[in-house]
Number of protein chains: 2
Amino acid sequence: MADKKKRRRAASSSDSESDPLHFKSKLKPDSSILQTLTALKSASASSSSSRPASLSSLNLPTAFREVSDLPLSSVQSTIESLALSLAHSILAGHGFSFSVPSRASANQLYVPELDRIVLKDKSSSRPFASVASVRKTTITARILQLIHQLSLKNIHVTKRDLFYTDVKLFQDQSQSDSILDDVSCILGCTRSSLNVVASEKGVVVGRLIFSDNGDMIDCTKMGMGGKAIPPNIDRVADMQSDALFILLVEKDAAYMRLAEDRFYNRFPCIIVTAKGQPDVATRLFLRKMKNELKLPVLALVDSDPYGLKILSVYGCGSKNMSYDSANLTTPDIKWLGVRPSDLDKYKIPEQCRLPMTETDIKTGKDLLEEDFVKKNPGWVEELNLMVKSKQKAEIQALSSFGFQYLTEVYLPLKLQQKDWL
Amino acid sequence: MADKKKRRRAASSSDSESDPLHFKSKLKPDSSILQTLTALKSASASSSSSRPASLSSLNLPTAFREVSDLPLSSVQSTIESLALSLAHSILAGHGFSFSVPSRASANQLYVPELDRIVLKDKSSSRPFASVASVRKTTITARILQLIHQLSLKNIHVTKRDLFYTDVKLFQDQSQSDSILDDVSCILGCTRSSLNVVASEKGVVVGRLIFSDNGDMIDCTKMGMGGKAIPPNIDRVADMQSDALFILLVEKDAAYMRLAEDRFYNRFPCIIVTAKGQPDVATRLFLRKMKNELKLPVLALVDSDPYGLKILSVYGCGSKNMSYDSANLTTPDIKWLGVRPSDLDKYKIPEQCRLPMTETDIKTGKDLLEEDFVKKNPGWVEELNLMVKSKQKAEIQALSSFGFQYLTEVYLPLKLQQKDWL
């Protein structure tokens, strides 16, 4: 019995210690990995130029509603014309109402050609002279007035600031937030165009130079902390880079490892993270990088349903903001890791895998029904494996082979083997 | 009735619109406010040098336990000696046990002379040969081994990384986290000395230059996003500044307003926020700024019990990490605003004040019993007013007078009138 235990322990220790070394020995010289990455970059640059540019170019039978970035002066004049038409309607004795695009899920559609969720063109009327809608109509008018003020002053505020300008009317922030989204749809412009910004969570480090509100930022010289991603994308400009790819990281622990080891010096890349759930500022920043620099985006997320969900929010948008999916999404993100098949392939020890909860499994099964997963057979296979094995693992699980296994073995080998989906 | 309503509305609109202008007219030229700030800075620099430097210099009757920053080589040799003594104990047939300082609240004390919470010197034994403590003893030994690895490699990891190196043993992260704090106490060094870093949340902008991992960072050239505060304070060095004060801000909405308006150019200052609850990295960074630059710290927090609580964590430490209060706390932070008395003084409209919940009121009353509040009569008065009026307000409530009221009227007037406690 004691012997058996000893033998089992010896076997498991060879599993967890000699095998990682085995992977390290598979690594080719960096120059060869760099060739792979250069090829990926040129492929990505040419494929991104051949993509259909917009919804309208697809000639789909349904009509859609999309918003775009508008200069402040247009936002201002659109609000003024709208106010004028309301005044005319009131003077003519008809009272007034807003025509508000529906943002309900029945009005949403995943367009595979674009690989993102878009909003169909159903609208509803929001009359002032109706008990059911008088509050919403009043709030809509007030938000329009506040946005008009912002456009005159050209300053940025948060949703929270907006809420506080009239707490008695808005009652709670979810009401002013939701009508702010309505106002975006009514005016046909992005929320950034309204100068209402999200709180910033993301950080970026690596081979990127850009200007933030006029200041030039060199992200190779931002130490380990990195540069906080600016909340207002309209003041970000002049992006330059000699990177071969963008590494999108789900969590800040992995980000820190990569930043401290200056991974971007060994494999020229830009490393970006929103520290969990993607926020609007980071999504806008990622999209801008991808568009301007024509770089492939590789994602490093946890091997659980939420990792894939986060990838999908960057890739094809959240349902909540589908009216603005054109500006918020970054197409063609590759799933680099940690993928369910990696758990066995890289021999992640049993104790670092976690059993999936009932909710996890349900989320995984729900994802299998989503169009953006279905269109990628590789993703379906991985997700099926996850749901079947009922095991999940975080990026940090790789730390069981040593704290620097991520940067020294796992990622280089993944890149060398073009092991992305 | 209709007339009465109209009159009331007119009165309330004059309350909320003419009065803020009234405050603006009270503002003196900036040069006069700058004189006030220069005086504050010199007073702060001289007072900080006259403070008692340490617990030992106080000659208190009780014995205390404090940790200090140790170089990696000391951490390494301390662990090695400890391991050697355990081995001796085992070979002598005594088994082994750790002597672990107690971090329970009964072992904590607020020292008014130092204005922070410290840990008394009670310890308990953690023997391996006891069913009650065998798990904790094993985890302690494993954490010591992992820290030793980190010190050999000189790399930084997060608590999460640490947890993942042995999930089967640690079971959940709260267990490895808690024993990591024990290990700090056992070795007598700060958690940063162990090379285990907290995830970074804070940002800094304004008149500060420092080096992060060897890169020189100029925080006046960080746009609106600011510089992310590095997770590892030991790689922060060479702080330089021509600021007159540090403005510590609770929330990022206010931070963004200040950064966009480049408040630090009008009144030379360094603006820092942890975006809510203070994290270890921001607390270490604030303390380092205060110590090296000898600048006064003014705090801008919400007018609610949590605002004051956050101020107190920066000021005298959290109970959880009292063993490290010497390194984590910044003494003598002034409460600039938003204070309960400001609500009436600045005529914050009723609709922007929020009723305090039962929990809020209880938290407020509990704070009144805390030593760090009691020693400041001004704070007691403000807190009494808050609990009595049962009203709270966020910094953002000032937006009701215009989005830039905070930077253009409220803060300049506060500074001019030396209105801090």
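Residues numbered from 1 in each chain as written. Chains lettered and ligands numbered in written order. Predicted model: local features only at pLDDT ≥ 70, side-chain atom pairs only at ≥ 80, totals over all residues. Heavy atoms only, no water.

### Side note on the overall build of chain A
Link 1 in the chain: When helices and strands are counted, chain A shows 17 helices and 18 strands.
Link 2 in the chain: Relative to the compact-globule value of 22 Å for 421 residues, chain A shows a C-alpha radius of gyration of 24 Å, a close match.
Link 3 in the chain: With the C-alpha coordinates aligned to their principal axes, the bounding extent of chain A is approximately 95 × 50 × 45 Å.
Link 4 in the chain: Per-residue burial for chain A yields a buried fraction of 57% across its 421 residues. (Helix = DSSP H or I, 4+ residues; strand = E, 2+ residues; numbered from the N terminus. Rg over C-alpha atoms; globule rule 2.2 N^0.38 Å. Buried < 20%, exposed > 50% of the residue type's maximum accessible area, 1.4 Å probe, protein only.)

### Some details on the interface of chain A and chain B
Link 1 in the chain: Each partner contributes to the interface: chain A provides 57 residues, whereas chain B provides 58 residues.
Link 2 in the chain: Roughly 4700 Å² is buried in total at the junction of chain A and chain B, and carbon and sulfur atoms are behind 54% of that figure.
Link 3 in the chain: Among the residues of chain A in contact with chain B, Tyr164(A), Gln351(A) and Phe403(A) are the three that bury the most area, contributing 16% of the side total.
Link 4 in the chain: The salt bridge partner of Arg160(B) is Glu394(A), with a shortest N-O separation of 2.1 Å. (Contact = heavy atoms within 4.5 Å. Buried area = accessible area lost by both parts, 1.4 Å probe. Salt bridge = Lys/Arg side-chain N within 4 Å of Asp/Glu carboxyl O.)

### Concerning the sheet that holds strand S10 (residues 215–218) of chain A
Residue and element names in this part refer to chain A.
Link 1 in the chain: Reading across from one edge, S10-S9-S12 is the order of the three strands in this open sheet, with antiparallel pairing throughout. Unpaired on one side and paired on the other, S10 and strand S12 (236–240) mark the two borders of the sheet. Between one strand axis and the next, the sheet turns by 20 degrees as a mean value, whatever way the strands run.
Link 2 in the chain: Pairing of strand S9 (residues 209–212) with S10 involves four bridges; the strand directions are antiparallel. When the sheet's bridge partners are listed, isoleucine 209 is paired in S10 with aspartate 218.
Link 3 in the chain: Against the sheet, helix H10 (residues 280–293) touches S9 and S12, its axis set at about 45 degrees to S12. (Pairing = 2+ DSSP bridges. Axes fitted to C-alpha atoms, helices over the stretch in contact; angles between N-to-C directions.)

### Describing the confidence of the model for chain A
Link 1 in the chain: Of the residues in chain A, 93% reach a pLDDT of 70 or more, and the chain-wide mean stands at 87.
Link 2 in the chain: Below pLDDT 50 for its whole length, residues 1–18 of chain A participates in five contacts with residues either more than four positions away or in separate chains. (pLDDT = per-residue confidence, 0-100.)

### Some points on the domain arrangement of chain A
All names here are of chain A.
Link 1 in the chain: What the domain assignment lists for chain A is domain 1 (25–53 + 199–416) and domain 2 (64–197).
Link 2 in the chain: The C-alpha-based centres of domain 1 and domain 2 are spaced at 33 Å.
Link 3 in the chain: Of the roughly 2200 Å² buried where domain 1 meets domain 2, counting both sides, 51% is carbon and sulfur surface.
Link 4 in the chain: Taken together, the connections running from domain 1 to domain 2 amount to zero salt bridges.
Link 5 in the chain: Where domain 1 touches domain 2, the interface holds four residue pairs in polar contact (both at pLDDT 80 or more).
Link 6 in the chain: Per element, the largest residue contribution to the side of domain 1 that touches domain 2 is three residues, and it comes from helix H12 (residues 325–328). (Domains from an automatic or database assignment. Polar contact = N/O pair within 3.5 Å; in protein donor to acceptor, adjacent residues only side chain to side chain.)

### Quick notes on the relation of the copies chain A and chain B
Link 1 in the chain: By a simple turn and slide, chain A fits onto chain B: the slide is 0.0 Å along the axis, the RMSD is 0.1 Å, and the turn is 180 degrees. Taken together, the rotation angle and the small translation identify this as a two-fold axis. (Least-squares fit on C-alpha atoms with pLDDT ≥ 70 in both.)

### Thoughts on the sheet that holds strand S12 (residues 236–240) of chain B
All names here are of chain B.
Link 1 in the chain: The sheet built from three strands is open, its strands ordered S10-S9-S12 with antiparallel pairing. The open sheet has two edge strands with one neighbour each: strand S10 (215–218) and S12. In this sheet, neighbouring strand axes are inclined to one another by 20 degrees on average, regardless of whether the strands run parallel or antiparallel.
Link 2 in the chain: Its contacts with the sheet put helix H10 (residues 280–293) on strand S9 (209–212) and S12, and the angle it makes with S12 is roughly 45 degrees.

### Focus: the UniProt feature "domain: Type II DNA topoisomerase VI subunit A all-beta" (unreviewed entry) in chain A
Link 1 in the chain: UniProt tags residues 200–236 of chain A as "domain: Type II DNA topoisomerase VI subunit A all-beta" (unreviewed entry).
Link 2 in the chain: The annotated region residues 200–236 of chain A carries 0% helix and 41% strand content, and the separation between its end C-alpha atoms amounts to 14 Å. (UniProt positions renumbered as here; feature names shortened; annotations may be inferred.)

### Some words on helix H11 (residues 305–316) of chain A
Residue and element names in this part refer to chain A.
Link 1 in the chain: Helix length check: H11, at twelve residues, gives a terminal C-alpha distance of 16 Å against a target of 16 Å (1.5 Å per residue), a fit within 8%.
Link 2 in the chain: Most of H11 sits out of view: ten of its twelve residues are buried.
Link 3 in the chain: Among the residues of H11, Pro305, Gly307, Leu308, Ile310, Leu311, Ser312, Val313, Tyr314, Gly315 and Cys316 are the ones counted as buried.
Link 4 in the chain: A side-chain oxygen of the first residue of H11 lies 3.0 Å from the backbone nitrogen of tyrosine 306; this N-cap is aspartate 304.
Link 5 in the chain: Once H11 finishes, glycine 317 follows within two positions and takes phi at roughly 95 degrees, a positive value. (Expected span 1.5 Å × (residues − 1).)

### Notes on H10(A)
Residue and element names in this part refer to chain A.
Link 1 in the chain: Here H10 spans 20 Å end to end across 14 residues, near enough to the 20 Å set by a 1.5 Å rise per residue.
Link 2 in the chain: Of all 14 residues in H10, eleven are buried, a share of seventy percent or more.
Link 3 in the chain: Of the positions making up H10, those classed as buried are Val280, Ala281, Thr282, Arg283, Leu284, Phe285, Leu286, Arg287, Met289, Lys290 and Leu293.
Link 4 in the chain: In the segment just after H10, lysine 294 is the residue with positive phi, at about 50 degrees.

### Details of the state of the cysteines
Residue and element names in this part refer to chain A.
Link 1 in the chain: Using the criterion set out here, one finds zero disulfides over all chains in the structure.
Link 2 in the chain: The cysteine cysteine 269 is free of any disulfide, with cysteine 219 supplying the nearest cysteine sulfur at 12 Å.
Link 3 in the chain: Here cysteine 316 stays unpaired: no disulfide links it, and the sulfur of cysteine 185, its closest cysteine neighbor, is 18 Å away.
Link 4 in the chain: Given a relative accessible area of 3%, cysteine 316 falls into the buried group. (Disulfide = S-S within 2.5 Å.)

### A few points about the pairing of strand S16 (residues 333–337) of chain A
Residue and element names in this part refer to chain A.
Link 1 in the chain: A large share of S16 lies buried, amounting to four of its five residues.
Link 2 in the chain: Two elements, strand S15 (residues 297–300) and S16, share four bridges in a ladder whose sense is parallel. Paired with valine 297 across the two strands is isoleucine 333, which belongs to S16.

### Considering the packing of helix H8 (residues 252–260) of chain B against helix H17 (residues 405–416) of chain B
All names here are of chain B.
Link 1 in the chain: In the contact formed by H8 and H17, the axes pass within 9 Å of each other and the chain directions differ by 95 degrees. By the angle between their directions, the pair H8 and H17 is classed as roughly perpendicular. Taken together, the residues of H17 that come into contact with H8 (itself represented by Ala254, Arg257 and Leu258) are Leu406, Thr407 and Leu411.
Link 2 in the chain: By residue class, the composition of the contact of H8 with H17 is four nonpolar, one polar and one charged. (Parallel < 35°, antiparallel > 145°, perpendicular 65-115°, else oblique. Nonpolar A, V, L, I, M, F, W, Y, C, P; charged D, E, K, R; others polar.)

### A closer look at the packing of aromatic side chains
All names here are of chain A.
Link 1 in the chain: Within the structure shown, the criterion is met by 16 aromatic pairs over all chains.
Link 2 in the chain: Summarising the aromatic geometry, the rings of phenylalanine 96 and phenylalanine 128 are spaced 5.1 Å apart at their centres and angled 20 degrees between planes, so their arrangement reads as stacked. A residue pair is termed long-range when its members are at least 10 positions apart, and phenylalanine 96 in the loop between helix H3 (72–91) and strand S2 (97–101) and phenylalanine 128 in the loop between strand S5 (123–127) and helix H4 (134–153) qualify at 32 residues.
Link 3 in the chain: Under the relative-accessibility criterion, phenylalanine 96 is labelled buried at 18%.
Link 4 in the chain: Taking NZ or CZ as reference, lysine 375 lies 5.5 Å from the ring centre of tryptophan 379, over its face. (Phe/Tyr/Trp six-rings, centres within 6.5 Å; stacked < 30°, edge-to-face > 60°. Lys NZ or Arg CZ within 6 Å of the ring centre and 35° of its normal.)

### Focus on the environment of Trp379(A)
All names here are of chain A.
Link 1 in the chain: By secondary structure assignment, the location of tryptophan 379 is in helix H16 (residues 377–389).
Link 2 in the chain: Overall, tryptophan 379 belongs to the buried group, its relative accessible area being 5%.
Link 3 in the chain: Considered as a pair, tryptophan 379 and leucine 368 are eleven residues apart in the sequence and their alpha carbons are 9.0 Å apart.

### A closer look at the pattern of salt bridges
All names here are of chain A.
Link 1 in the chain: All chains considered together, the criterion is met by 53 salt bridges over all chains.
Link 2 in the chain: One salt bridge in this structure joins lysine 251 and glutamate 394, with 3.1 Å as the shortest N-O distance. Placement of the pair is lysine 251 in the loop between strand S13 (245–249) and helix H8 (252–260) and glutamate 394 in the loop between strand S18 (391–392) and helix H17 (405–416), with a sequence separation of 143 residues.
Link 3 in the chain: Relative accessible area serves as the criterion here: at 24%, lysine 251 is assigned to the partly exposed category.
Link 4 in the chain: One continuous salt-bridge network, built from bridges that share partners, spans Arg339, Asp342, Lys345, Glu382, Lys414 and Asp419.

### What to know about the side chain of Glu394(B)
Link 1 in the chain: Residue Glu394(B) is classed as buried on the basis of its relative accessible area of 10%.
Link 2 in the chain: Beyond its immediate sequence surroundings of up to four residues, Glu394(B) is in contact with Arg160(A), Tyr164(A), Lys251(B) and Asp302(B).

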